[in-house]
Amino acid sequence: MNTEGERLIPINIVDEMKSSYIDYSMSVIVSRALPDVRDGLKPVHRRVLYGMYGLGVFSNKKYLKSARIVGDVLGKYHPHGDSSVYDAMVRMAQPWSLRYPQVDGQGNFGSMDGDPPAAMRYTEARLKKISDEVLADLDKETVDFQNNFDDSLTEPTVLPTKIPNLLVNGTSGIAVGMATNMAPHNLSEAVDGICAYIDNRDITIDELMQHITAPDFPTGGIIYGYEGVRDAFHTGRGRIILRAKVHFEEVHNRNAIIVTEIPYQINKAEMIARTSELIKEEKITGIYEIRDESDRRGMRVVYELKNDAIPNVVLNLLYKYTALQTSFSVNNIALVNGRPEQLNLKDIIRHFVDHRHEVVVRRTQYELKKAKERAHILEGFMKVIATQDTLDRAIAIIRNSANPSQAKEGLITEFDLSEIQAQAVLDLRLARLTGMELDKIRDEYEEIMAIIKDLEDILSNEPRRFEIIKNEMLEIKEKYGDERRTEIDFAGGNMSIEDFIPNESVVVTISHAGYIKRTLLSEYRIQSRGGVGNKAATTRDEDFLEYIVSATNHQYMLFFTEKGKCYWLRVFEIPEGSRTAKGRAIQNLINIEPDDKVKAYIRTNDLKDEEYINQMFVVMITKNGTVKKTSLEAYSRPRTNGINAIEIREDDQLLGARLTNGSSQIMIATKKGKCIRFPEEKARAVGRGSIGVRGISLEDNDEVVGMIVVNDLEQESVLVVSEKGYGKRSAVLDYRETNRGGKGVITLNITEKTGDLVAIQSVTDEDGLMIINKSGVAIRMSVDELRVMGRNTQGVKLINLKGNDEIAAIAKVEMDKSVEDAEIMEGDNENKSAETSENTPGTASENNEHNTES
């Protein structure tokens, strides 16, 4: 039964559900979950900032209780639960959540371990300095305001931010039927990208990516692979793989994996707890203990390994099963004119620049309006107090008026003033009626008129407005810009790595204890023969640099161990280090057995080039004189755990390996100064499983020290070096060609003065030479300084050795043609002082060593 006056309207429930659900979903999309593309803020964040702006808690004011701020925002602008406001404010203060935090919190604001913040009654907050730029010019009618929930106040619909918030801080939110997940970026890079867009509106996304290289997460870490970044920038969607930043250390005489940065939005405590579970389940093996040694100085999580564990293998397991490797799925959805849109990198920048342009126009219009209002008042002042006579008349009108309204009417009539001007004259203090004040008023009027002219020029000149935007952005970069925190590992993805890594010349050095690094060739200075040399590397006690090879970043390095196994690395995968850096242990880069040792290396070009790998051969030599030749094709498929390259007999070990073209000449040198030369054809190509054939017959107590491959008999010459620093160049043709397996001929006249032979190398006049001795001192010289001499001679002194020092290795390097003459001259001077010091021991020698090493 209907009660009297009541009307029932029948409604189809399906239609009602549709319209109600659409209304609800649009409310969530527009008023809760998605950010505005212009200021990058969701309503709750905008209201927190505006509420704090209204309370005046700026970065230079004292902190205010969080409960007071939350109460103000709730009561005035955000009629939802207090936790929604406080949680949003807490996140805005966490340096591991926002790349550039907007709130300065005091007290417990949580931690990376997922600890909750203290209750709002205990914590305090104020705005960060960077938030001043987000709220700048808000009082200059730069943005539209709307009524709050009960129409008692107004709030801004968007903030006039100078910070590209959406780009630098990112955001995440789940709406109805859609979600957003936007990555943070580096402010300096973002500003460079915005300026590049302002300079060229037709800029491509690839060109923008030269400025904004990739997201930059507040927790640092490593972006592993570039494919996802490229997709995200081009389409607004992409999957970015993040890895923790790790290094290896020795802790309590055990190998340890040390984590110093973890991926974005990962709970450190949960990650460690989950890893412990995986160890119990035996999904991850090789870990002895996990400790969290993080403190206020930074993060440090230690995974101590068992003695037999291979660090690289354990690390790969951690990447596979734990949050040390995670993914960040970019989904750039933001509100554009109140509608959700998916945005690429250029779209985000375009909308931000358009917003800044509107803010600059509206700010200029406001300032022009205020300047004209002031100019209008100053014109009234000048009419009234222009002369003593006009001033006396004005005073008389005011004195003889019965009330202010009559005085105002009198002034308007007498001096042809507007109401505003007349009121301003009535409000003047008597002190302003002096002659000096009139001059000040005239000066101010002239200044105001110049400002008006300038502001009108801005409004009529679009290029100038964009120049203002650009200059303001560069100021922001100067004030708040910082270095990238997240590194990019281009090798991680499927992309062509060569696009990102310059093919620079580098020197790869490997120490006796197995430490490896690559250094730019340009770091080594040229010196003349006989110089003492530069300090080349800081090695561990009793360690010395054993192998040096010049290469380029795009080449491959094949490593052969004394047990006859082969491993691979791209040159750019070898860690970069300065000339004095120790480098990284090879065991941490390749999965080498603990009791094995790298004894030989080969540089090759692209192993995917079938023509190249089928034309080239690998020739190996062992300490006992065995030679083995195999097609490079057999080594063209890299495997993580390496492959067997040669079968090694007992009491023998692999000593060297060289790349040949199938028709080269092979020369093998021994410790006692013997050398054999035979054509490569004498050793036929065999499979990887073979032992090989005899290359040279050795006398008692003799052993092979090295092998070279000669391709040009006329141009190339043979350089041999002894351990006491003597060396010489001889013509290849001085060594008669024989069958393999012979005893060879004398290559260097070995005496007590020269010491045993340590190295053999094929060189030409165009080559440079790098010599490193066991104490780590390196010297570069040009081969053309060494004249070619007879085979059976003692040679000349190549490097002055201190005390019991000995030569460890020599390597052929290309000379840098662009090295200035001044450096060569400096090398000559050092050479002279070195010769002096050899004859005059004591202070001269010490001074020379100090000079060259510094």
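This structure is a prediction, so every number in the text was calculated from the model and none was measured. Each residue is numbered by its place in its chain's sequence as written, counting from 1. Whole-chain, interface and lining totals are the exception, using all residues; otherwise, since this is a predicted model, local features are given only for residues with pLDDT of at least 70 and side-chain atom pairs are given and counted only at 80 or more. Calculated side-chain values reflect all of the structure's heavy atoms, with hydrogen atoms and water omitted.

Student: How do you make sense of the overall build of the protein when you look at a structure like this?
Tutor: Runs of E in the DSSP output that reach at least two residues are strands. Runs of H or I that reach at least four are helices, and both are numbered from the N terminus. Across its full length, the protein carries 20 helices and 41 strands. Its C-alpha atoms give the protein principal-axis dimensions of roughly 130 × 90 × 50 Å. A simple rule labels every residue: compare its accessible area, found with a 1.4 Å probe on the protein chains alone, to the largest value its type can have, and call it buried under 20%, exposed over 50%, or partly exposed in between. Split into buried and exposed, the 854 residues of the protein put 52% on the buried side. For every accessible area listed, the method is Shrake-Rupley and the probe measures 1.4 Å; residues are considered covered only by the protein chains on display. Looking at the protein as shown, the accessible area adds up to about 40200 Å², and 46% of this sits on carbon and sulfur atoms. For the purpose of counting charges, residues Lys and Arg are taken to be positive, whereas Asp and Glu are taken to be negative. His and the chain ends are not included. Working definition for charges: the position is that of NZ of Lys, CZ of Arg, CG of Asp or CD of Glu. For the protein, the separation between the mean place of its 110 positive charges and that of its 134 negative charges on side chains is 3 Å.

Student: Got a minute to help me understand a negative patch on the surface in this structure?
Tutor: A contiguous patch of negative charge, built from Asp606, Asp609, Glu610 and Glu611, is present on the exposed surface. Inspection of the secondary structure puts aspartate 609 in the loop between strand 25 (598-604) and helix 18 (610-615). We classify aspartate 609 as partly exposed; its relative accessible area is 37%. Patch rule: a residue counts if its relative accessible area is over 30% and it has no salt bridge; like charges are joined within 9 Å, and nonpolar side chains (Val, Leu, Ile, Met, Phe, Trp, Tyr) within 5 Å. Each salt bridge in this description consists of a side-chain nitrogen of Lys or Arg and a carboxyl oxygen of Asp or Glu lying within 4 Å of one another.

Student: Explanation requested: the packing of aromatic side chains in the structure shown.
Tutor: Each aromatic ring pair is summarised here by two numbers: the centre-to-centre distance and the angle between the ring planes. Only the six-membered ring of Trp is used, alongside the rings of Phe and Tyr, when aromatic pairs are assigned; centres must lie within 6.5 Å, and planes under 30 degrees apart are stacked while those over 60 apart are edge-to-face, with the rest tilted. On inspection of all chains with the given rule, the structure shows 10 aromatic pairs. Judged by centre distance (6.4 Å) and plane angle (50°), the ring pair of tyrosine 21 and tyrosine 24 falls under tilted. With tyrosine 21 and tyrosine 24 both in helix 1 (residues 13-33), this residue pair falls 3 residues apart, about one helical turn. Criterion for a charge above a ring: Lys NZ or Arg CZ within 6 Å of the ring centre, and within 35 degrees of the ring normal. The ring of tyrosine 63 has arginine 126 sitting right over it, with the charged end atom 4.1 Å from the ring centre.

Student: Honestly, the domain arrangement of the protein in this entry has me stumped. Any pointers?
Tutor: Accessible area lost during the coming together of the parts is what is often quoted as the interface size. Where a domain begins and ends is set by an automatic assignment or by a domain database. By the assigned domains, the protein splits into domain 1 (42-157), domain 2 (245-323), domain 3 (351-480) and domain 4 (497-525 + 542-814). Computed from C-alpha atoms alone, the centre-to-centre distance between domain 2 and domain 3 is 68 Å.

Student: Just to check I follow, could you spell out helix 4 (residues 82-93) for this structure?
Tutor: Residues spaced three or four apart along an α-helix face the same direction, because each turn holds 3.6 residues. The end-to-end C-alpha distance of helix 4, which contains 12 residues, comes to 17 Å, matching closely the 16 Å that a straight helix rising 1.5 Å per residue would cover. When helix 4 is considered as a whole, its buried residues turn out to be Val85, Tyr86, Ala88, Met89, Val90, Met92 and Ala93. For helix 4, the elements touching its buried residues are helix 2 (43-55), helix 3 (66-76), strand 2 (103-106) and strand 3 (124-127). Helices are assigned an expected span. That span is 1.5 Å times one less than the residue count. Every residue pair with non-hydrogen atoms within 4.5 Å of one another is taken to be in contact.

Student: I keep staring at the environment of serine 418 and nothing clicks. Help me out?
Tutor: Mapped onto the elements of the fold, serine 418 is located in the loop between helix 14 (404-415) and helix 15 (419-426). For serine 418, a relative accessible area of 24% translates into the label partly exposed. In this structure, the C-alpha to C-alpha distance between serine 418 and glycine 380, residues 38 residues apart in sequence, is 8.0 Å. Serine 418 has contacts with His376 and Ile412, leaving out every residue within four places of it along the chain. N or O atoms within 3.5 Å of each other form a polar contact, as long as, within protein, one can give a hydrogen and the other can take it, and as long as residues adjacent in sequence are counted only when both atoms are side-chain atoms. A distance of 2.6 Å separates polar atoms of two side chains, one belonging to serine 418 and the other to histidine 376.

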